[in-house]
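# Report on the structure
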Amino acid sequence: MFNSLSDRLTATFKNLRGKGRLTEADVDGTVREIRRALLDADVAVPVVREFTAHVKERALGEEVSQALNPGQQVVKIVNDELVRILGGETRRINLAKNPPTVIMLAGLQGAGKTTLAGKLAKWLKGQGHTPLLVACDLQRPNAVKQLQVNGERAGVPVYAPHPGVSSEFEASTGDPVVVARNGVSEARQKQHDIVIVDTAGRLGVDAEMMQQAADIRAAINPHEVLFVIDAMIGQDAVNTAQAFNDGVNFTGVVLSKLDGDARGGAALSVASVTGKPVMFASTGEGLDDFEVFHPDRMASRILDMGDILTLIEQAEKSWDKDEAERMAKKFVDQEDFTLEDFLAQMQQIRKMGSLKKMLTMMPGAQVSRQQLEQFDERQIDRIEAIVRSMTPHERRVPKIINGSRRARIAKGSGVHVSEVNAMLERFTEAQKMMKRMAAGGGMPGMPGGRA
Ligand code: GDP
């Protein structure tokens, strides 16, 4: 998402590069481009107006920094404004002093509430909480069942109004307000520290639905009311968000379906129009496709300044500690960096997730989007095939790989000799880099940065 907005903004900033001083005309031209880019991304008109007014005022104003040139200064201003309209600081869940913390979900039908309930439950459980899911969407056929399936996948129990489990009164009336209230009591009784209440939506904003949501809110007095919105709905997002804000006075926003090719307008408008922060992002149908939303990181991703923190977090999550320790020990013992190590490191990189996804988070200066599109992850497969076609001795002492060995390896791995040559060249470079780092006492990095 945000790709085209991102491309447009970075192109605009390129024009400012190298300018020693910005004239009023420069600023006007830049602001005009920013306005167009935001409107094309479906950002709501009032938000665009306020955004560009702030940028212009600050760019022409007093803020002269010694450290930045005028072009960089404009980028910084735009970055600050993006962070501001996305909700400012990262907002965490407001946990109750006396558990259970009650979290209610609201939003239109199909927004992704039931899916989110499962994701949120799994994420919270992973942090040591003991959530209970409560199924109050009695409107949509199958919603209760769907929540039960998600609960099972997340390993989290579900409180649902079906005969035998709930009270007879509930089952007979099918009143979601009663189910919600009983669900919270159940959580209290069974010592769950968090309750997540899924509610019914309609296809469009509807007075009856809003009343029901408001009644549930009044009955369970939640610590958080999360409004879930489909990021793909474009300009409609603002009206829907406003209606829910008036109706249930939500405390935070969850953007769902950010994996689609949404132009990003909803993300950039909703927080600003309602004054409520975006707290989470849903990025797929799987239970793990879920992220805490960090306005500052999102802004730097949009401005192509790289999202290094997210990258580091991902790397940490999948980094194989034993392998890293093995490498570190090699350094201390001053052992040679072999082709086997090279392969092991390639596999580490691959494990960190889709390479393309990782590379898009790196600062734009290094890899252009076009290069990325062309990048083929199968390259790693080929490197693997080449290394696997070598004898153990060759892998440990690559020096001995002469012309006839190269021909044999190429044949064995089904590639052209030139690919074997290129791969060995990259390996030699990586080996040199490792030697330098070992001499400097550094920790192992990643070889083959030219991926
Ligand atoms: P609800 O009516 O608000 O409870 O919406 P659901 O949770 O049932 O979601 C509606 C549809 O959207 C389902 O088919 C989900 O699998 C799908 N969905 C939910 N969240 C996401 C997401 O982040 N990305 C994608 N691609 N699909 C999603």
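Note that this is a predicted model, so its numbers are computed, not measured. (Residues numbered from 1 in each chain as written. Predicted model: local features only at pLDDT ≥ 70, side-chain atom pairs only at ≥ 80, totals over all residues.)

## Digging into the overall build of the protein chain
Along the protein chain, the regular secondary structure elements total 21 helices and eight strands. A buried classification covers 37% of the 451 residues belonging to the protein chain. When contacts within the protein chain are restricted to residue pairs at least 6 apart in sequence, those whose partners lie at least 24 apart make up 74%. (Helix = DSSP H or I, 4+ residues; strand = E, 2+ residues; numbered from the N terminus. Buried ≥ 20, exposed ≤ 12 C-beta atoms within 10 Å, placed from the backbone. Contact = placed C-beta atoms within 7 Å.)

## Quick word on the pairing of strand β7 (residues 278-282)
The buried fraction of β7 amounts to five of the five residues, a majority that puts the element mostly inside the structure. Sheet topology note: the strand β6 (residues 252-256)/β7 ladder contains three bridges and is parallel. Note on β7: the bridge partner recorded for V254 is F280. (Pairing = 2+ DSSP bridges.)

## Here's the deal with the sheet that holds β7
Read across the sheet, eight strands follow the order β3-β2-β4-β1-β5-β6-β7-β8 without closing on themselves; strand pairing throughout is mixed. With one partner strand each, in any of the chains shown, β3 (158-159) and β8 (290-292) form the two edges of the open sheet. Examined bridge by bridge, strand β1 (residues 101-106) and strand β4 (residues 194-199) share four bridges and lie parallel to one another. Residue pairing across strands places T101 opposite I194, the latter belonging to β4. Of the strands in this sheet, β2 (131-136), β3 and β4 are in contact with helix α6 (residues 143-154), which crosses β2 at around 165°. (Axes fitted to C-alpha atoms, helices over the stretch in contact; angles between N-to-C directions.)

## Some words on the UniProt feature "domain: SRP54-type proteins GTP-binding" (unreviewed entry) in the protein chain
Within this structure's numbering, the places UniProt gives as "domain: SRP54-type proteins GTP-binding" (unreviewed entry) are residues 277-290. Within the segment residues 277-290, helix and strand shares are 0% and 43% respectively, and the terminal C-alpha atoms sit 17 Å apart. (UniProt positions renumbered as here; feature names shortened; annotations may be inferred.)

## Let's talk about the environment of P161
Positionally, P161 belongs in the loop between β3 and α7 (168-173). Expressed as a C-alpha distance, the spacing of P161 and C136, which sit 25 residues apart in the sequence, is 8.1 Å.

## With respect to the site of the ligand
As a structural note, the neighbourhood of the ligand is formed by 19 residues, with G112, K113, T114, T115 and S282 the closest of them. When residues in the shell around the ligand are grouped by element, the largest group, three residues, is from helix α5 (residues 113-126). Looking at the shell around the ligand, its residues break down into one nonpolar, 12 polar and six charged. (Near = placed C-beta within 6 Å. Nonpolar A, V, L, I, M, F, W, Y, C, P; charged D, E, K, R; others polar.)

## With respect to unusual backbone geometry
Following P99, the chain continues into P100 via a peptide bond in cis, with omega recorded as 5°. The residue P100 is located in the loop between α4 (70-85) and β1 in this model. A positive phi angle is found at Q191, which is not glycine, with a value near 60°. Take Q191: there are 10 C-beta atoms within 10 Å of it, and that puts it in the exposed class.

## Quick notes on the nonpolar core
One finds L133, V134, I196, V197, F227 and I229 to be the most contacted residues of the largest nonpolar core, which totals 90 residues. Every residue in contact with L133, bar those within four places of it in the chain, is listed here: A117, A121, L147, G151, V156, V158, Y159, I196 and D198. In terms of nonpolar packing, the next biggest core, distinct from the first, is built from 14 residues, L339, F342, I386 and M390 among them. (Core = buried A, V, L, I, M, F, W, Y, C linked by C-beta atoms within 7 Å.)

## Thoughts on helix α18 (residues 378-388)
All of the buried residues along α18 are I383, I386 and V387. Summarising the axial view, the buried residues of α18 lie within an arc of 95°, below the 170-degree limit, and thus occupy one face. Exposed positions of α18 whose direction lies more than 90 degrees from the buried face are R378, D381 and R388. (Arc of directions from axis to C-beta.)

## Quick word on the packing of helix α8 (residues 176-189) against helix α9 (residues 207-220)
Where α8 contacts α9, the two axes come as close as 9 Å, and the packing angle between them is 30°. The angle between α8 and α9 falls in the class roughly parallel. Where α8 crosses over α9, the handedness of that crossing is right-handed. Across from P176, V177, A180, R181 and V184 in α8, the residues of α9 making contact are Q212, D215, I216, A219 and I220. The residue inventory of the contact of α8 with α9, partitioned by class, reads seven nonpolar, one polar and two charged. (Parallel < 35°, antiparallel > 145°, perpendicular 65-115°, else oblique. Left-handed = near helix turned anticlockwise from the far one by under 90°.)

## Examining the confidence of the model for the protein chain
Taken as a whole, the protein chain shows an average pLDDT of 82; of its residues, 79% reach a score of 70 or greater. Least confident of the elements in the protein chain is α7, whose mean pLDDT is 46; most confident is β1, at 97. A low-confidence stretch, residues 163-172 stays under pLDDT 50, and its non-local contacts, those more than four residues away or across chains, total 15 contacts. Across residues 441-451 the pLDDT falls below 50, and counting only partners more than four positions away or on other chains, this stretch makes 18 contacts in the model. (pLDDT = per-residue confidence, 0-100.)

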